Amino acid sequence: MDFKQAGLDNLWQKVKEKLAQTLPPNSFQIWIQPLVLLKTEGDRIILGCPNSFFLQWVKRHFYHFLKEAWRQYAPEYNDVIFKTVKNKKKTSIAVPQPTLPLAYPRLCENFTFKEFIVGRTNQYAYTAAYNLANDHLDQPIFFCSDTGLGKSHLSQSIANHMISSGKYTKILYITAEDFTNEMVSALKEHRIHEFKKKYRRDCNVLILENIHFLSGKEKIQTELNYTLDVLWERRKKVVFTSLIYPQNIPGLKKELRSRIESSLMVPIDPPDFKMRLEILRKKAKGKNVLIPENVLEYLAQHIDGDVRRLESAINNIKARSLLQKRAIDLDLAKEVREMFTPRTSKINLSEIKKLVCQHYKINCEDLISKSRQKQIIIPRKLAIYLAKRYLNLSLTELGKNFRRHHSSILNALNSIEKEIKKREFLSREVKYLCKKIEEKM
Ligand SMILES: Nc1ncnc2c1ncn2[C@@H]1O[C@H](COP(=O)(O)OP(=O)(O)OP(=O)(O)O)[C@@H](O)[C@H]1O
């Protein structure tokens, strides 16, 4: 018998017993039990993992626990190294497949149903999400709203709820952009089968954010079509989010559009005064900051739209009161509110439009016309871009001001940003116009 190995096995047993007391039973069972003590190399312990996914996960989440536990029982070992072992020692240990949801690393733990303020404008969205998370709804959901109105919060609440209920495993939460990147690298690295398996066979719940990003990406759309067919055939749950409805997403192939349109279409509108007040109250409480009711009401009255603005108002109130040692009163609230309303105080939309039109020698009416002439399209897109940049108007507000649907606004913003990056001449024009605007501010 190899005494050194026997001693090591003994130590490993103790390390595992220690971890069994420290870690949640599920985590221990799934991630520590399958590890195999391979050998030592100098002051390093080498542990074997069943596959590379497992290895990455354990390294990321349990490395410090393992290192500390080893140090406690055998201080001569300073480090823990992981290696994959292909079936070598498998005979002695049953290796469970990782059953934890793959979504864990990407979810924000505060995005829960409990933290979500429900009111007139998002009641339907909340109810749909809650029912899907509790398995009372089979249909896919399509959450649609302008930015910062709770699409990610609700879709992640579904995932967080499912995880904590323990009923669902293999929840995939991913943005359409990451889905695209993952598919492109899978193609390049000849791992497309693995990719397909992950999204079609190994997935019980797919939450795909920002579907509008797939605009014009035909290959990805085709892959997603097949994936959705398989998931629906297997009665799996699917959730989409987007800034715009499928019929308004430019460059969305009709096959994918029709599949997505079979979902429950769920809009989320901007919060009304009552909800804004409630959101401010709750966020202030969450940040441990005591804000008088009249200040909260003032902020709710004057800061609307995007909920991120409300969160930021609370953060700014808190920071100013702490750093400048000031009382939280209406004066402070007015200063903070100013930061969210530059459009009324300094530069406004008509000045931006006028500046662009003067520069390109066109008529201001052309900006809102239907003209597709090149000499009009570029200034129009630039005016939209500058209005977004300096006035932080939402897509809906921009749409109203340029007499366009907000999907066309989104399209204009995406394409002009690309063109500015690509064309040196245009980038110089933008710099010049920005300088002119900033001089007026
Ligand atoms: N009803 C609500 N109650 C509490 N917090 C909310 C609510 N709606 C939004 N929020 C908060 O506002 C912030 C922005 O929300 P979220 O990220 O979900 O928006 P989004 O619609 O996904 O935006 P985007 O389109 O820009 O990704 C988050 O911190 C979220 O917690």
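Here the structure is a predicted model, which means the values were calculated and not measured.

A. Geometry of the UniProt feature "binding site: ATP" (unreviewed entry) in the chain. According to UniProt, the "binding site: ATP" (unreviewed entry) feature falls on Gly148, Gly150, Lys151 and Ser152. Within the secondary structure, Gly148 is located in the loop between strand E4 (141–144) and helix H5 (151–165). Classification of Gly148 as buried rests on a relative accessible area of 14%. Leave out the neighbours within four places in its chain, and Gly148 touches Asp306, Val307 and Arg308. Relative to the elements of secondary structure, Lys151 occurs in helix H5.

B. How the structure looks around the sheet that holds E4. One open sheet accounts for five strands, arranged E5-E6-E7-E4-E8; its pairing is parallel. On the outer flanks of this sheet lie strand E5 (171–175) and strand E8 (264–267), each paired with one strand and no other. Ignoring strand direction, the axes of neighbouring strands in this sheet form an average angle of 15°. Direction of pairing for E5 relative to strand E6 (residues 205–209): parallel, over a ladder of five bridges. Directly across from Leu172, in E6, lies its bridge partner Leu206. Across the sheet, helix H8 (residues 218–233) is in contact with E6 and strand E7 (237–242); its angle to E7 comes to roughly 140°.

C. Focus on the UniProt feature "domain: Chromosomal replication initiator DnaA C-terminal" (unreviewed entry) in the chain. In the numbering adopted here, UniProt assigns the feature "domain: Chromosomal replication initiator DnaA C-terminal" (unreviewed entry) to residues 348–416. Annotated as 77% helix and 0% strand, the span residues 348–416 places its first and last C-alpha atoms 21 Å apart.

D. Spotlight on the domain arrangement of the chain. Split into domains, the chain comes out as domain 1 (3–92), domain 2 (104–267), domain 3 (273–340) and domain 4 (346–440). Distance between the C-alpha centres of domain 3 and domain 4: 32 Å.

E. Here's a closer look at the environment of Ile45. Secondary-structure assignment places Ile45 in strand E2 (residues 44–49). Ile45 has contacts with Leu8, Leu37, Lys39, Thr40, Trp70, Tyr77, Asp79, Val80 and Ile81, leaving out every residue within four places of it along the chain.

Conventions and cut-offs
- Residues numbered from 1 in each chain as written.
- Predicted model: local features only at pLDDT ≥ 70, side-chain atom pairs only at ≥ 80, totals over all residues.
- Heavy atoms only, no water.
- UniProt positions renumbered as here; feature names shortened; annotations may be inferred.
- Helix = DSSP H or I, 4+ residues; strand = E, 2+ residues; numbered from the N terminus.
- Buried < 20%, exposed > 50% of the residue type's maximum accessible area, 1.4 Å probe, protein only.
- Contact = heavy atoms within 4.5 Å.
- Pairing = 2+ DSSP bridges.
- Axes fitted to C-alpha atoms, helices over the stretch in contact; angles between N-to-C directions.
- Domains from an automatic or database assignment.

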